[in-house]
Amino acid sequence: MEKRINSQEVYKGKIIRVVKDEVELDDGSRSFREVVYHNGGVCIALKHEDKYFMVKQYRYAIGKEMYEFPAGKIELNEQPDRAIEREAIEETGYSAKNIIKFPYIIPTCGYDSEKIYLYYGETDKQLGQHLDIDERIDLFKFTYKQIEEMIKNGEIDDSKTIALMYQLKLNGLE
């Protein structure tokens, strides 16, 4: 185990907080850990008839457009189950029913505290999209097999989408 000796906040923004911690290792030596604290996120495989909604959006941090299941960040003090209801409507325009919650994933455990909560749901009422003011997404629908092929050929490389596809398979929802 590592023991924190002291902590220095390096950055505090709207989505993340970054700290640099000095730690004592089990042998008594000292080192530093840089940690990104994040409220977490939610992701849903939202089924409409025989297809799943996917969004395609430009991801600035890696400089490319990506296909992903609808997802979003958890607001401060918001519960994941509430966040997924909100995000489903915001990104697809549909409310979700028959929601199944899967275990969360930790996408980057080496330096980031983020947990992404994974869900399955079916479309309910069409309410219209409510994108954030700075959000630019295109909405698509694909079959499970199409998404699986997109993962296989590298067209989808988003970890939360791949993990959620695996959960769908494990639970017989493909």
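Residues numbered from 1 in each chain as written. Predicted model: local features only at pLDDT ≥ 70, side-chain atom pairs only at ≥ 80, totals over all residues. Heavy atoms only, no water.

How would you summarise the pattern of salt bridges if you had to cite specific residues and measurements?
Pairing of side chains with opposite charge becomes possible as their charged atoms draw close. Evaluated as defined, the whole model comprises 15 salt bridges. Between D21 and R4 there is a salt bridge whose closest N-O contact spans 3.7 Å. With D21 in strand β2 (residues 16-24) and R4 in strand β1 (residues 3-12), this residue pair connects regions lying 17 residues apart in the sequence. Assessed through its relative accessible area of 52%, R4 is described here as exposed. For E90, the salt bridge identified is with R86, shortest N-O distance 3.2 Å. (Salt bridge = Lys/Arg side-chain N within 4 Å of Asp/Glu carboxyl O. Helix = DSSP H or I, 4+ residues; strand = E, 2+ residues; numbered from the N terminus. Buried < 20%, exposed > 50% of the residue type's maximum accessible area, 1.4 Å probe, protein only.)

Lay out the pairing of strand β3 (residues 30-38) in plain terms, naming residues and giving numbers.
Bridge count for β2 against β3 is 9 bridges, and the pairing is antiparallel. Residue pairing in the sheet places V23 in a bridge with S31 of β3. The turn linking β2 back onto β3 is made up of 5 residues, and G28 within it adopts a positive phi angle of 95°. (Pairing = 2+ DSSP bridges.)

Break down the side chain of H48 for me, citing the residues and quoting the values.
Inspection of the secondary structure puts H48 in strand β4 (residues 41-48). Excluding its chain neighbours within four sequence positions, the residues that come into contact with H48 are F53, Y94, T123 and K141. (Contact = heavy atoms within 4.5 Å.)

For helix α1 (residues 80-92), give the residues involved together with the corresponding values.
A rise of 1.5 Å per residue sets the reference length of α1, with its 13 residues, at 18 Å; its end C-alpha atoms lie 18 Å apart and thus fit the reference within 8%. Here α1 has its buried residues at P80, A83, I84, R86, E87, A88, E90, E91 and T92. Elements that come into contact with the buried residues of α1 comprise β4, β5 (51-59), β7 (71-73), β8 (94-101), β9 (116-126) and β10 (137-142). Of the residues trailing α1, G93 is marked for its positive phi of about 90°. (Expected span 1.5 Å × (residues − 1).)

Treat this as a map of the structure, not an account of what it does.
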